[in-house]
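Here is how the chains run, residue by residue.
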Amino acid sequence: MAAKINIFDPPSSASSESDDGIDVGAEYLEILPDAEIDGDKHGSQKSPKCRRQRTTSLSHQSANKATTESVIRTTHRTIYTAGRPPWYNSEGQKVEPFVIGICGGSASGKTTVAEKIIESLGVTWVTLLSMDSFYRVLNQKQHEESHRNEYNFDHPDAFDFEILIETLKKLKEGRKVDVPIYNFVTHSRESRTKTMYGANVIIFEGILAFYNKEVREMLDMKIFVDTDADVRLARRLRRDISQRGRDLEGVLKQYTSMVQPSFNHYIAPLMVHADIIVPRGGENLVAIQLIVQHVHTQLQLRGLKIREELAQAHAFSGQPLPDTVKLLPTTPQIRGLHTFIRNKATTRDEFIFYSKRLIRLVIEYTLSLMKFNETIVETPQGVLYKGKRMATDKICGVSILRAGETMEQAVCDVCKDIRIGKILIQTNLQTGEPELYYLRLPKDIKDYKVILMDATVATGAAALMAIRVLLDHDVQERNILIVSLLMAESGVHSIAYAFPNVQIVTTAIDPEINEKFYVLPGIGNFGDRYFGTEYS
Amino acid sequence: MTSDNVKVEPLENNYCKEYKRLRLLQANDQTKELQTILRDKNTTRSDFKFYADRLIRLVIEESLNQLPFTDCKVITPTGATYDGLKYKSGNCGVSIIRSGEAMEQGLRDCCRSIRIGKILVESDFETHDARVVYARFPEDIAQRNVLLMYPIMSTGNTVSQSVNVLKEHGVKEECIILSNLFCTPAAVETICTSYPKLQILTSEIHPVAPNHFGQKYFGTD
């Protein structure tokens, strides 16, 4: 299947850089495996300050070829096949990502092996985490030592295992993490961090990857790259002298006094923990093929079919609606508006106009569900007035693209200066599964009440994925409101069952879903009708 | 939430019981906040306009609920049938200058090409006597349902004069719906007694009317 062989730039998949500003870096755009981005092949690796930044996920090479292959063009539509399939089951509970650990001496070819694995794995949403990110910040004295090539970067004490374990643990739980960016010139952490989220496979590599017991226990597969000491020294000389402008004497001094003893003392003994030892590093294609096969088997065992399961699981009607469902009172206006937007004969101009009115009403209604405090204000008439004020101003909107985007304007119209995040989820037409393509959320979203918007909810598959993404970003479940114009009864039950504290707001609930997962009687494909992209 | 409001203002419920043609916008914390912001003397002008427009939109949407409709069935793109409804045509808006004009945009946002007439009423500062000095309506207004827009009612004199003008033009009293944001108990009594068949929709009945509305909305204070 095409989806399997396509790789696109992963920063995409998983990571982006964020400065300390309001928003995450523009790099996230690459998650769209669209041909238009191929001018930008460097993915998230464009930090000019960093000499050595390997916390990214894929090699440049594989990024290049990916862009075109992940797109299938048919006569009618363009299909993208590189989104992230569900990483949780139909109850919204998560399945852990597969973590591969790669250990080996300095310049043994760990990164090459990692890149080769990613390339042949053909799975998108792979995160490459390098131990280099977790070097300790050096004090003045150590800084001077490092200048004289006397600081031992190959010793376990040079690493901050505490942060490393915490990061790896969170990644394994599927949560969003901020990975430090280590600056090899100043030997300190940069104020920026790199955001990683949403990997199905995590590759963790480093010279002492197997040193810590807690770290070892988190690895599902342990690979030791065993390269001849002479080859490693030769590579190291070439790298340090030609790429890092160091002198021969210094490199040799460092090698004999620290790198070599550390390898013998700390790194080589770690080989006993390995599941597989790869001699000669990245050239060893047979070993890499074996590893890839094993990972594929493991991933398939964890594979999930969400959508069908959802449609069947709660397809029975007649159950009372959950308490978390807030249905707008069905006034004549609401029914009148539905009559317009549901009618297939309605022109697009009218469809947009009446949709907007309905959206405005549902958003106003959503705001009335927030918490309010009593307050007393002075009036120009000189009397006091007992009123209410919203208890929080931390509200943000998140739209599920594409149809949810149509609701953004209404949120901006009722909440001044509200922040809007976006999540692109599209159905893979081959598997029928929802896939996550793109994600951009306000910083500190965990402290916000989130109005999650999608125009229609049928099976609830996309909504579940979006809620899962928010939870992975540490948003509280009770702070999420999923808002839509129309929901199918089964979708409502699926969401309420998986996430009992999420509030569900809608203007109408329809009883059925057809085999194409459209709601009945429904609206049709809301996004296509609104944006005029339907085909006949 | 709603029960809180009932406790605070039993006044409004009593009026609704007494006058069947009087309706209040469904009260919730959100509408209460909008009213609070409009009442607060420290609200900036830009905020005032922003939140006034929101409240107006809600009142207009609710007013449209009072218009007559018939049932109808439509076919959805999935081929299924939806039991919907259709509003009867032959409606129009009439705004009372000047503050009523603040509500025109809200009406336009809901009904794009609706006809809108205007009435200018001058009132005497001392005696509160009101006098119509200008009125311009669609030609066939006698056959239409009229959404009369005026946000603040303190004595009800201005609205009374406007309703009289409409009736002179042949509009039936039961075809007039008054859209209003804030009104005083006195105004409710005056209007409901004088025009028992007229429908009123408001968001709040309170002894003190926020008379600064027009000035603050249009920025002439």
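Within each chain, residues carry numbers counting from 1 in the order of the written sequence. Throughout, the order in which chains and ligands are written sets their labels, letters from A for the former and numbers from 1 for the latter. Since the coordinates come from a predicted model, pLDDT governs what is reported: local features require at least 70, and pairs of side-chain atoms require 80 or more to be given and counted, while whole-chain, interface and lining totals use all residues.

- An unreviewed UniProt entry annotates chain B as Uracil phosphoribosyltransferase homolog of Henosepilachna vigintioctopunctata.
- UniProt positions are given in the numbering used here, feature names are shortened, and annotations may be inferred rather than shown by experiment. Here chain B is described in UniProt, under the heading Sequence similarities (unreviewed entry), as follows: "Belongs to the UPRTase family."

- The name recorded for chain A in an unreviewed UniProt entry is Uridine kinase, from Henosepilachna vigintioctopunctata.
- Quoted verbatim from the Function (unreviewed entry) field of the UniProt record, the comment on chain A reads "May contribute to UTP accumulation needed for blast transformation and proliferation."
- Note on chain A: under the UniProt heading Subunit (unreviewed entry), the record states "Interacts with RNF19B."

**A look at the overall build of chain A**
Then step 1. For helices the rule is a DSSP run of H or I covering at least 4 residues; for strands it is a run of E covering at least 2, with both sets numbered from the N terminus onward. In terms of regular secondary structure, chain A is built from 16 helices and 24 strands.
Then step 2. A residue is called partly exposed when the number of other C-beta atoms within 10 Å of its own lies between 12 and 20, exposed at 12 or fewer, and buried at 20 or more, with C-beta atoms placed from the backbone. Looking at chain A residue by residue over its 536 residues, the buried ones come to 47%.
Then step 3. Across chain A, contacts joining residues at least 24 apart in sequence account for 73% of those joining residues at least 6 apart. The contact criterion used here is simple: two residues whose C-beta atoms, placed from the backbone, lie within 7 Å are in contact.

**Regarding the environment of Cys 72 of chain B**
Residues and elements named next belong to chain B.
Then step 1. Topologically, Cys 72 is positioned in strand E2 (residues 69–75).
Then step 2. By the C-beta count within 10 Å, which is 13 here, Cys 72 ends up partly exposed.
Then step 3. Sequence spacing of Cys 72 and Arg 21 is 51 residues, and the spatial spacing of their C-alpha atoms is 27 Å.

**A closer look at the interface of chain A and chain B**
Then step 1. Listed as interface residues are 40 residues of chain A and, on the opposing side, 38 residues of chain B.
Then step 2. Those elements that place two or more of their residues in the side of chain A that touches chain B are helix H11 (332–342), helix H12 (348–367), strand E12 (372–378) and strand E13 (384–390) of chain A.
Then step 3. Ranked by residue count, the leading element in the side of chain A that touches chain B is H11 of chain A, at 7 residues.
Then step 4. Under the grouping applied here, Gly and all other residues not named as nonpolar or charged are polar, the nonpolar ones being Ala, Val, Leu, Ile, Met, Phe, Trp, Tyr, Cys and Pro and the charged ones Asp, Glu, Lys and Arg. Tallied by class, the residues present in the side of chain A that touches chain B amount to 15 nonpolar, 14 polar and 11 charged.

**Notes on the packing of H11 of chain A against H12 of chain A**
Residues and elements named next belong to chain A.
Then step 1. Contact pair H11 / H12: the axes reach a minimum separation of 9 Å and the direction vectors enclose 145°. The crossing of H11 and H12 is left-handed. For the pair H11 and H12, contact is made by Leu 337, Phe 340 and Ile 341 and by Glu 350, Phe 351, Tyr 354, Ser 355, Arg 357 and Leu 358, respectively.
Then step 2. Broken down by class, the residue content of the contact of H11 with H12 amounts to 6 nonpolar, 1 polar and 2 charged. Axis geometry follows a simple rule: fit a line to the C-alpha atoms, using only the stretch in contact for helices, then measure angles between N-to-C directions, giving values from 0 to 180 degrees. Handedness of a helix crossing follows the sense of rotation of the near helix relative to the far helix, less than a right angle counterclockwise being left-handed and clockwise being right-handed.

**Remarks on the packing of helix H7 (residues 229–243) of chain A against helix H8 (residues 248–267) of chain A**
Residues and elements named next belong to chain A.
Then step 1. Where H7 meets H8, the closest approach of the two axes is 10 Å, and the angle between their N-to-C directions is 135°. By the criterion of interaxial angle, the relationship of H7 to H8 is oblique. Helix-helix and strand crossings are classified by hand; for H7 and H8 the assignment is right-handed. For the pair formed by H7 and H8, the contact residues are Leu 233, Arg 236, Leu 237, Asp 240 and Ile 241 on the first element and Leu 248, Val 251 and Tyr 255 on the second.
Then step 2. Residue composition of the contact of H7 with H8, by class: 6 nonpolar, no polar and 2 charged. Angular relationships are summarised with four words: roughly parallel below 35 degrees, roughly antiparallel beyond 145, roughly perpendicular across 65 to 115, and oblique for the angles in between.

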